[in-house]
Amino acid sequence: TANTVVLACEVQYHAENGNQPDWASTANVVFCIVFVIELLSRVALERKRFVAGFAKYWNLVDVIVVACMVLGEVLQNVDLEDWVLLRRLCTIAA
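Residues numbered from 1 in each chain as written. Predicted model: local features only at pLDDT ≥ 70, side-chain atom pairs only at ≥ 80, totals over all residues. Heavy atoms only, no water.

Peer 1: What's the story with the overall build of the chain in this structure? I'm lost.
Peer 2: If you tally the helices and strands in the chain, you get five helices and zero strands. From first element to last, N terminus to C terminus, the chain shows the α and β order α-α-α-α-α. Compactness check: the chain gives a C-alpha radius of gyration of 17 Å against a globular reference of 12 Å for 94 residues, more than 25% above the reference. The buried share among the 94 residues of the chain stands at 14%. (Helix = DSSP H or I, 4+ residues; strand = E, 2+ residues; numbered from the N terminus. Rg over C-alpha atoms; globule rule 2.2 N^0.38 Å. Buried < 20%, exposed > 50% of the residue type's maximum accessible area, 1.4 Å probe, protein only.)

Written out as structure tokens, the structure is:
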């Protein structure tokens, strides 16, 4: 898939130059958005089958992978002070 090719190019660039290419973070965000849209469209189309159908465990794996990808992007782009504030707000809301 395209994500695998981009990841391979990113790893090759990092191996040759010792740093991440400038386009890597943009590509990661784009793929993250595409995967979120794909997951949400599957939830909308499958509805109950998404959580109770034959592929429910694979769907759970997809949800975990996409959630980790989104969390990784959020944590990478959030200042530490903002993260502490967000955590406190979540604690207060719960």
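So, next bit.
Peer 1: Just to check I follow, could you spell out the environment of alanine 52 for this structure?
Peer 2: Within the secondary structure, alanine 52 sits in helix H3 (residues 48–52). In this structure, the C-alpha to C-alpha distance between alanine 52 and asparagine 19, residues 33 residues apart in sequence, is 44 Å.

Peer 1: I would appreciate a short explanation of unusual backbone geometry in the present structure.
Peer 2: Working note: non-glycine residues mostly have negative phi, and peptide bonds are mostly trans. Even without being a glycine, arginine 47 presents a positive backbone phi close to 50°. Tracing the backbone shows arginine 47 in the loop between helix H2 (24–46) and H3. We classify arginine 47 as exposed; its relative accessible area is 66%.

Peer 1: Quick question: what am I supposed to make of the pattern of salt bridges here?
Peer 2: In this structure the tally under the stated criterion is two salt bridges. Here arginine 42 ties to glutamate 38 by a salt bridge, and the two come within 3.5 Å at their closest N and O atoms. In this pair, arginine 42 and glutamate 38 are both assigned in helix H2, four residues apart and thus about one turn of the helix distant. Its relative accessible area of 18% is what places arginine 42 among the buried residues. Measuring nitrogen to oxygen at the nearest pair gives 2.9 Å for the salt bridge that ties arginine 42 to aspartate 62. Remark: aspartate 62 occurs in helix H4 (residues 56–76) and arginine 42 occurs in helix H2; sequence separation between them is 20 residues. By relative accessible area, which is 28% here, aspartate 62 ends up partly exposed. Salt bridges sharing partners connect three or more residues here, namely Glu38, Arg42 and Asp62. (Salt bridge = Lys/Arg side-chain N within 4 Å of Asp/Glu carboxyl O.)

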